[in-house]
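Observations on chain architecture
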Amino acid sequence: TFLLVLTFLASTAQTTVTRFVAMRAHDLSSHQLQRWLLRSLRPVSIGLAIGLIVSAPWLAGAFRLSSPLPLVLLAAGIPVYLAQAVHRGVVQGQERFATLAGSYQAEMWVRLIMGAGLVAAGFSVSGATTALIVSFAASWLVVRQPVPSAGSPTIGLRHEMWTFARSAALLLAGETLICHGDLIIAKLSFDPGPAGAYAAVGVIGRLALLGSWPVVALVFPIVARRHAAGEPTGRLLAGAVALVGGGSLLLTVAAMAVPGQMLELAFGPEYVGAAPWLGPYVAATACFAVARTVFAYHLARGIRTGARLALAGGVLEVAALSLLHGSPATLVWVQVAVGLGLLAVAIGWHLSRPHLAPVHSLTKGD
């Protein structure tokens, strides 16, 4: 969770590269953009790593970690993580989905097998964190490709890219707050037992949101390419919402029907007491998942309002949770209320848009 909060910058870079490569797949400017972003992110990633290392003792105390070492290890992986994001954006924009999937598979299996092995060997959280950063390198090796020599992108392309990147950052910042803000508040507010039980519910509950990511990853570059060519894209959104909504509904029904069994299977019998929270939590994340799909679709078309709405939803959720965190159950029901509200806003905003007049540039307004 801490990693994902820190590295929404990586997702911003990946989303930006994806859109511009999709729109300029056979254009030299896509190579210029890739090389320039890799060069520009290098000092940023080093600065983030140094900042995390310096602040590791304070953060370990604030989050009640037994040692700052896992944070120091995590800092070492940040430069690779950001470089990997740029290369992933290229293959995603080129619609090379098999390579993109291979990258995520490599990351997952290295993290799982190596992490389990190091933890079993007695290295605890430090072993799991070591597996995390090695998994970044494994993923990077899958998507890395030589970048043809190219000059810097034109001033106009840079301006267009930064305009889009700011909007993508707003969307991803809102998503980060929604996905992970509650877990951080729970960690800071509750004793280790309730905080751990809530985190277990959160891991299963976020499957609805995690399940929407591959759908959006598939649809995003296709929407960007077709929109740039002036082709209709509405059916892509309908298909994406059907997939995300259908999968989320199935998970919600399961979480409502057999929450105790799901928690026991995933974490053990000591977590069954958190079963009443699971169904509502999954329902809340299902709402977020569908709303995020709508917002990402419009961002691929160059429309910024959805990103602002997502950020507003994230800020509202964190503010409400900061005020109302008397118990884990309260955190869950606050998220249900915010999730339903954000979904209603997303649907209402989408239906109000003049879809027959496509927007081809971020500079033409919302």
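Each value, and the rule that gives it
Residues numbered from 1 in each chain as written. Predicted model: local features only at pLDDT ≥ 70, side-chain atom pairs only at ≥ 80, totals over all residues. Heavy atoms only, no water. Helix = DSSP H or I, 4+ residues; strand = E, 2+ residues; numbered from the N terminus. Expected span 1.5 Å × (residues − 1). Buried < 20%, exposed > 50% of the residue type's maximum accessible area, 1.4 Å probe, protein only. Contact = heavy atoms within 4.5 Å. 1 Å grid on protein atoms, 1.4 Å probe; cavity = no way out; pocket = protein on both sides within 12 Å on 5 of 7 lines; lining within 4 Å. Points joined across faces, edges and corners; volume = space filled by probe spheres on them. Nonpolar A, V, L, I, M, F, W, Y, C, P; charged D, E, K, R; others polar. Phe/Tyr/Trp six-rings, centres within 6.5 Å; stacked < 30°, edge-to-face > 60°. Lys NZ or Arg CZ within 6 Å of the ring centre and 35° of its normal. Axes fitted to C-alpha atoms, helices over the stretch in contact; angles between N-to-C directions. Parallel < 35°, antiparallel > 145°, perpendicular 65-115°, else oblique. Left-handed = near helix turned anticlockwise from the far one by under 90°. pLDDT = per-residue confidence, 0-100. Core = buried A, V, L, I, M, F, W, Y, C linked by side-chain atoms within 4.5 Å. Salt bridge = Lys/Arg side-chain N within 4 Å of Asp/Glu carboxyl O.

**Quick look at helix H12 (residues 305-323)**
Between the first and last C-alpha of H12 there are 27 Å, a value that for 19 residues agrees with the 27 Å anticipated at 1.5 Å per step. Turning to H12, its buried residues number three or more, namely Thr 305, Gly 306, Ala 307, Ala 310, Gly 313, Gly 314, Glu 317, Ala 320 and Leu 321. Buried residues in H12 make contact with helix H6 (155-189), helix H11 (275-300) and helix H13 (328-352).

**What to know about the layout of surface pockets**
Empty space within the second largest pocket amounts to approximately 330 Å³. In terms of lining, the second largest pocket is formed by 16 residues, of which the most central are Leu 38, Arg 42, Ala 83, His 87 and Trp 140. Going through the elements one at a time, helix H3 (28-62) and helix H4 (69-93) are the ones with two or more residues in the lining of the second largest pocket. Looking at the lining of the second largest pocket residue by residue, the classes come out as nine nonpolar, three polar and four charged.

**Quick notes on the packing of aromatic side chains**
In this structure the tally under the stated criterion is six aromatic pairs. Considering the side-chain rings of Tyr 81 and Phe 136, the 4.6 Å spacing of their centres and the 65° angle between planes classify their relative orientation as edge-to-face. Of the two residues, Tyr 81 is situated in helix H4 and Phe 136 in helix H5 (residues 97-143); the sequence distance between them amounts to 55 residues. Judged by relative accessible area, which is 0%, Phe 136 ranks as buried. Members of the aromatic cluster, joined through ring pairs, are Phe 20, Phe 164 and Phe 220. Over the face of the ring belonging to Phe 20 we find Arg 19, whose NZ or CZ atom lies 5.9 Å from the ring centre.

**Quick word on empty space enclosed by the protein**
Per the counting criterion, the structure on display carries two cavities of 30 Å³ or more. Of the pockets and cavities examined, the largest cavity occupies roughly 90 Å³. Lining the largest cavity are Leu 171, Glu 175, Ile 178, Cys 179, Leu 209, Phe 288, Ala 291, Arg 292, Phe 295, Ala 310 and Leu 342. Breaking the lining of the largest cavity down by element, the ones donating at least two residues are H6 and H11. Across the lining of the largest cavity, the residue classes tally to nine nonpolar, no polar and two charged. Here the second largest cavity defines a volume of roughly 40 Å³. If you go around the second largest cavity, the residues you meet are Val 216, Val 219, Phe 220, Ala 240, Thr 293, Ala 296 and Tyr 297.

**Side note on the packing of H12 against H13**
How two helices pack is summed up by the angle between their axes together with the distance between the axes. Two numbers describe how H12 lies on H13: the axes approach to 10 Å, and their chain directions differ by 165°. For the element pair H12 / H13, the angle class is roughly antiparallel. Of the two possible hands of crossing, H12 and H13 adopt the one that is right-handed. Residues Thr 305, Gly 306, Leu 309, Gly 313, Glu 317, Ala 320 and Leu 321 of H12 form the contact with H13, whose own contacting residues are Leu 331, Val 334, Gln 335, Val 338, Leu 342, Val 345 and Trp 349. Looking at side-chain class alone, the contact of H12 with H13 contains nine nonpolar, four polar and one charged residues.

**Looking at the confidence of the model for the protein**
Residues at a pLDDT of 70 or more form 92% of the protein, whose mean pLDDT is 86. Residue range residues 356-366 is modelled with pLDDT below 50. Its contacts to residues more than four positions away, or to other chains, number 24 contacts.

**Comments concerning unusual backbone geometry**
In the Ramachandran plot, Glu 95 falls in the positive-phi region, its phi being about 60° despite a non-glycine side chain. Here Glu 95 lies in the loop between H4 and H5. A positive phi angle, close to 55°, is found at Ser 124, a residue other than glycine.

**Here's the deal with the nonpolar core**
Membership of the largest hydrophobic core comes to 79 residues, with the highest contact counts inside it found for Tyr 198, Leu 263, Leu 278 and Phe 295. In terms of residues, this core owes the most to one element, H11, which gives 18 residues. Ignoring any residue separated from it by four or fewer positions in sequence, one finds Leu 278 in contact with Val 201, Ile 204, Gly 205, Ala 255, Pro 259, Met 262 and Leu 263.

**Section: the pattern of salt bridges**
Taken as a whole, this structure holds four salt bridges when the rule is applied. In this structure, Arg 88 and Glu 107 form a salt bridge, with 2.5 Å as the shortest nitrogen-oxygen distance. In this pair, Arg 88 is assigned in helix H4 and Glu 107 in helix H5, connecting sequence segments 19 residues apart. Classification of Arg 88 as buried rests on a relative accessible area of 5%.

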